[in-house]
Amino acid sequence: MPVLDCTVTNCYYNKEKLCCRGAINVEGDTAEEKDATACGSFRERSSGSFSNSCKCEEPPENRSDIDCTAERCTYNNSCKCHAPNVEIQGQNATCTTETMCASFCK
Ligand code: SF4
């Protein structure tokens, strides 16, 4: 499982740049470059309420199982990510399309 680093701090599942979900979906069926990818698991934290985040007790793991449709990425094997490290970016994102997999590599 890739080590996941996520800078989308406006996401409901983000805790200190780690993801509470344990498994995420990356989208990018026709992606030729990283800008055409997105984190399909993004959920905007309701605005103005920093306390409104995932209530999971345990601190999130730094690894995540990643299903990914960006099949043109070198790390993609049968829609599973095999990158050693993945960085999801999207500071202040308000929707999925404002996020991206910065580790995409054609
Ligand atoms: S590194 Fe490649 S395979 Fe892994 S999540 Fe990003 S785009 Fe998908």
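Before reading further, recall that the structure is shown in the block above.
Residues numbered from 1 in each chain as written. Predicted model: local features only at pLDDT ≥ 70, side-chain atom pairs only at ≥ 80, totals over all residues. Heavy atoms only, no water.

Peer 1: How would you sum up the pairing of strand β6 (residues 65–68)? Please name residues and give values.
Peer 2: Residues I66 and C68 point to one face of β6 and are all buried, whereas D65 and D67, pointing to the other face, are not buried. Two strands pair when backbone bridges link them, and strand β4 (residues 23–27) and β6 are joined in this way by four bridges, in the parallel orientation. Across the sheet, the residue bridging to V26 is C68, located in β6. (Buried < 20%, exposed > 50% of the residue type's maximum accessible area, 1.4 Å probe, protein only. Helix = DSSP H or I, 4+ residues; strand = E, 2+ residues; numbered from the N terminus. Pairing = 2+ DSSP bridges.)

Peer 1: Describe the environment of D35, and please don't skip the residues or the numbers.
Peer 2: With respect to the helices, strands and loops of the structure, D35 is situated in the loop between β4 and β5 (38–39). Classification of D35 as exposed rests on a relative accessible area of 53%. Distance in space between the C-alpha atoms of D35 and T99 is 8.4 Å, their sequence separation being 64 residues.

Peer 1: Explain the packing of aromatic side chains to me, using residue names and the numbers behind them.
Peer 2: All chains considered together, the criterion is met by one aromatic pair. Taken together, a centroid distance of 5.1 Å and an interplanar angle of 90° make the contact between Y12 and Y13 edge-to-face. Of the two residues, Y12 and Y13, neither departs from the other in class, the shared state being buried. The ring of Y13 carries the charged tip of R21 above its face, separated from the ring centre by 5.0 Å. A cation over a ring is seen here: R43 above Y12, with NZ or CZ 3.9 Å from the ring centre. (Phe/Tyr/Trp six-rings, centres within 6.5 Å; stacked < 30°, edge-to-face > 60°. Lys NZ or Arg CZ within 6 Å of the ring centre and 35° of its normal.)

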